[in-house]
4 protein chains.
Amino acid sequence: MTDTLKLEILEANLQLHKMGLVIFTWGNVSGIDRKKGHVTIKPSGVSYDKMQVEDLVTVDMNGNVIEGKYKPSSDLETHLEIYRQFPKCGGVVHTHSRMATAWAQAGVDLPAFGTTHADYFYGAVPCTRALTDAEIQGAYEYETGRVIIETFKNNVIDPMAVPGVLVCGHGPFTWGKTAMDAMQNTVVLEEIATIACSSLAINSKTSAIAQVLLDKHYLRKHGSDAYYGQK
Amino acid sequence: MTDTLKLEILEANLQLHKMGLVIFTWGNVSGIDRKKGHVTIKPSGVSYDKMQVEDLVTVDMNGNVIEGKYKPSSDLETHLEIYRQFPKCGGVVHTHSRMATAWAQAGVDLPAFGTTHADYFYGAVPCTRALTDAEIQGAYEYETGRVIIETFKNNVIDPMAVPGVLVCGHGPFTWGKTAMDAMQNTVVLEEIATIACSSLAINSKTSAIAQVLLDKHYLRKHGSDAYYGQK
Amino acid sequence: MTDTLKLEILEANLQLHKMGLVIFTWGNVSGIDRKKGHVTIKPSGVSYDKMQVEDLVTVDMNGNVIEGKYKPSSDLETHLEIYRQFPKCGGVVHTHSRMATAWAQAGVDLPAFGTTHADYFYGAVPCTRALTDAEIQGAYEYETGRVIIETFKNNVIDPMAVPGVLVCGHGPFTWGKTAMDAMQNTVVLEEIATIACSSLAINSKTSAIAQVLLDKHYLRKHGSDAYYGQK
Amino acid sequence: MTDTLKLEILEANLQLHKMGLVIFTWGNVSGIDRKKGHVTIKPSGVSYDKMQVEDLVTVDMNGNVIEGKYKPSSDLETHLEIYRQFPKCGGVVHTHSRMATAWAQAGVDLPAFGTTHADYFYGAVPCTRALTDAEIQGAYEYETGRVIIETFKNNVIDPMAVPGVLVCGHGPFTWGKTAMDAMQNTVVLEEIATIACSSLAINSKTSAIAQVLLDKHYLRKHGSDAYYGQK
């Protein structure tokens, strides 16, 4: 994997820590080199304070370590399954950020209550079903990836239009075209999870915005006729 | 437009970012030179970290770019409609600040629950109706301005006494005599939106303060007999 | 008034700002020299960033300015009435800090839900009745002081054991033996107001602690047999 | 006690303050030298800003001061009872951190709503019963320790698997293999108390995760077959 890509992955890991979305070692960012089929990820349980590019771990699509002196993050198998099944995904993030985790623990989808949500997520951020006992006792991290894929397949959601999920009773996984893009989606998910909780507190009957408003906001930033930004 | 005015607009943009009311590029401040009919606004999707006065964009009242190398904020047409219809307004701000956005998403007016509110907003901060599908699919940003004006006209609210609005399912727009004044009203709106949500959580029957208390606080700061501050 | 006392009052003003309990110019601390009957207070509407000891204003017990180039805080008459009626009080603070203000707007007493509260406030922090129209339209700031005194008299509360009050629809006033002591009580009131709101959210039937626990905690810090700290 | 151990205890005290879990002097960390039966603890009511290793107080298991110029923390007897009854415990922490205290004041157990909780606490963090009047009026701090022990005994909870408790109407006590470990559990308890409160706000029927998921997460970090981190 190129140093440029590795540096981006390191930077995305450090940003999450700097922005307060990650405490201790609770979080991990990975990125993929699609041509080589190599994934680079944060090492397991290593402090952010001293993390350097050579501490990252590079694996192949079966999780075999190719480069790096540490063990990869224990969530590696979830990341790999996301890369395998969502072929446009270039970066994956997992955190226990407070408000996204609160929604995951509440076990409900995060509705698109407003345009802030619609600017980045084209519809509700879905919450998975709970894993079965067999899944938990089996290849747990891989099965976590499987239930994420199932959620998107069963509900016919485009993972690049809704780049995140709430794993029931656990927390958020987010992704994007690149590791930095995935990191940004993580920050946005935490923000909209926070705002939505307050909207519900103010008005327990708050409902999702109209489809046409969802379309307008998502597509003015992400559609082929996007006109937001300097494009 | 004079450099002094442009510097104030830049400063107001940077302040919102510094105070945590804006993340990424989610927000924009503009200011107007009423004599020339020129409006200067933040460029669309440009990072705050490196923003300089020459990055701002100056347009005429029809939105034609007069000066600046970037595209103006995508919310420009909303700002312009506010300037056209509220002739005493000298600066406009749009953010997705957490708690004001939570109220906008809840789709309800922010009541004047206390004197903190009354010191800056002379009555409830109104929430607009939702835009119609036709408005969203048409000139969306201009129609957002139209529904703001409609809210103030239909409810006979003086826009300089209630210098802000919650756009339903979207977020707050605020304004003031100058860009810095508008920026200050944005901070206050976020503060009173935060406090009001907690008041409701403590006592779901919390009600607006009496008209006479609203009068007292608003007028001791803003009336012709104001006695707050060093005036 | 001695420079030492003035410096303490300045420092207490600046501390509130530094700790985030005050934004813009929303707050004021005063202190009293009981021998001379002189009160020194923050000037009205002057920024904290550049505030210096010579910006403070000294008045006599009737509010006549003795020293200082600025107008005193508009809340001066409330401070003076507190000093007149609570003779052991040496410092007074007024803020619009978020959570104490939320309780004041909710219009309910802040119950002693735990020992954190009991360590500083010997019972519920009372909320005043709403002022009458005549009181608001009359000598408003003085009447605010009057309703605070009435609340303590009618409920037979010792103001030095419960050094704070919630003015209904307005916000907290706090006091103490000195300006710094009053400042500390302000910070504590904000903290217990925050915790109490969350306790209610978790369990809407949360009730005040037993009188004997209230006694134990208050008296181990403040009674004649206090054994907390290095006394 | 060795200087290394004392420095760790000092560092754990300072960390809590730095991380915002403690304001003023509201909190205390202690550590034990099991061979000598000596406990070192923060002095009572001394500011964190200037705290140095020589300010700590060392006592024997009966609370007699062996070393140190200050009085020990007033909560010493609670710490000592925890050390006596939980023989694997090497460090104890007490704070009034906001959200853990909110749960303690609410008087209810903190359920294991998610895997963040399960990673550190193997089941609900229990809330004690309220102390009786006789306990409060007697050896209060010792009785606080007694009721903690009773809670773990009666509910057959392993204190090293659930390294914390909510003392009803008071606040959290946490512990761990070392003082730093106890400090880390304090931070985690505050984090999960915060997330759980939001989960309840989103969905009042949020329920604890399945036992098999609790097992999986706790044991992948703490069991004999742990595979988290670089072990």
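Anything mentioned here points back to the structure above.
Figured I'd write up the structure that's included with this text. Just so you know, these numbers come straight off a predicted model, no measurement behind them.

Turning our attention to the overall build of chain A. When helices and strands are tallied, chain A shows 8 helices and 7 strands. In terms of C-alpha radius of gyration, chain A reaches 17 Å, essentially the compact-globule figure of 17 Å for 231 residues. In terms of overall dimensions, chain A has C-alpha extents of about 50 × 50 × 30 Å along its principal axes. For chain A, the proportion of its 231 residues judged to be buried stands at 62%. Sequence-distant contacts in chain A: of pairs separated by 6 or more residues, those separated by 24 or more amount to 62%. Of the roughly 8,600 Å² of accessible surface on chain A, 51% is carried by carbon and sulfur atoms.

Moving on, we come to the packing of aromatic side chains. Here the structure, examined in full by the defined rule, presents 24 aromatic pairs over all chains. Aromatic pair Tyr120(A) and Trp26(B): ring centres 5.6 Å apart, planes at 45°, arrangement tilted. Here Trp26(B) lies in the loop between α1 (3-18) and β1 (27-33) and Tyr120(A) lies in the loop between α4 (115-118) and α5 (133-137), a pairing that spans two chains. By relative accessible area, which is 7% here, Tyr120(A) ends up buried. Taken together, a centroid distance of 5.2 Å and an interplanar angle of 50° make the contact between Phe86(C) and Trp175(C) tilted. Residue Phe86(C) is located in the loop between α2 (76-85) and β5 (91-95), and its partner Trp175(C) is located in strand β7 (residues 171-176); the two are separated by 89 residues in the primary sequence. Phe86(C) sits in the buried class, given a relative accessible area of 5%.

Next up on the list: the relation of the copies chain D and chain C. Expressed as a screw transformation, the operator carrying chain D onto chain C has a rotation angle of 90° and an axial translation of 0.0 Å, and the superposed copies differ by an RMSD of 0.0 Å. Taken together, the turn and the small shift mark the pair as related by a four-fold rotation axis. Judged by C-alpha distance, Ala201(D) is the residue of chain D that lies nearest the rotation axis, at 5.2 Å.

Okay, the sheet that holds strand β7 (residues 171-176) of chain D next. As a general point, the strands of a sheet are linked pairwise by backbone hydrogen bonds and lie either parallel or antiparallel. Residues and elements named next belong to chain D. One open sheet holds the 7 strands; their spatial order is β4-β3-β2-β1-β5-β7-β6, and the pairing between them is antiparallel. Either end of the sheet is taken by a strand with one partner, and the two such strands are β4 (65-67) and β6 (164-167). Taken pair by pair, the neighbouring strands of this sheet meet at an average axis angle of 25°, ignoring direction. Here 4 bridges tie strand β1 (residues 27-33) to strand β2 (residues 38-41), and the two strands are oriented antiparallel to one another. The residue of β2 that forms the bridge with Asp33 is His38. The strands touched by helix α6 (residues 140-154) are β6 and β7; relative to β6, the strand with the most contacts, the crossing angle is about 120°.

Turning next to the interface of chain D and chain C. Taken residue by residue, the interface counts 31 residues in chain D and 30 residues in chain C. Between Glu191(C) and Arg98(D) there is a salt bridge; the shortest N-O distance is 2.9 Å. Mapped by element, the contributors of at least two residues to the side of chain D that touches chain C are α3 (98-106), α5 (133-137), α6 and α7 (179-202) of chain D. If you tally residues by element for the side of chain D that touches chain C, the top one is α3(D), at 7 residues.

So, how was this worked out
- One numbering rule holds for all chains: residues counted from 1, following each sequence as written.
- Key to labels: chains lettered from A, ligands numbered from 1, both in the order written.
- Per-residue local features are limited, in this predicted model, to residues with pLDDT of at least 70; the limit for side-chain atom pairs, both in listing and counting, is 80 or more; totals at the level of whole chains, interfaces and linings are taken over all residues.
- Water and hydrogen atoms play no part in the side-chain values, which are based on all heavy atoms of the structure.
- Starting at the N terminus, helices and strands are each numbered in turn, a helix being any DSSP run of H or I of at least four residues and a strand any DSSP run of E of at least two.
- Our radius of gyration is a C-alpha quantity, and the globule rule it is checked against amounts to 2.2 Å times the number of residues to the power 0.38.
- In this scheme, a residue with accessible area under 20% of its type's maximum is buried, one over 50% is exposed, and one in between is partly exposed, where area comes from a 1.4 Å probe on protein chains only.
- Contacts are assigned to residue pairs with any non-hydrogen atoms lying within 4.5 Å of each other.
- With residues, only the protein chains shown are counted as cover, and all accessible areas are computed by Shrake-Rupley using a 1.4 Å probe.
- Between 30 and 60 degrees the pair is tilted, below 30 it is stacked and above 60 it is edge-to-face, where a pair is any two Phe, Tyr or Trp rings, Trp via its six-membered ring, whose centres lie within 6.5 Å.
- Superposing the copies works by least squares over the C-alpha atoms of residues that have pLDDT at least 70 in both of them.
- At least two bridges found by DSSP between two strands are what make those strands a pair.
- Angles shown run from 0 to 180 degrees and are taken between the N-to-C directions of axes, each axis being a line fitted to C-alpha atoms and, for helices, limited to the stretch in contact.
- Salt bridges, as used here, are contacts in which a Lys or Arg side-chain nitrogen is within 4 Å of a carboxyl oxygen on Asp or Glu.

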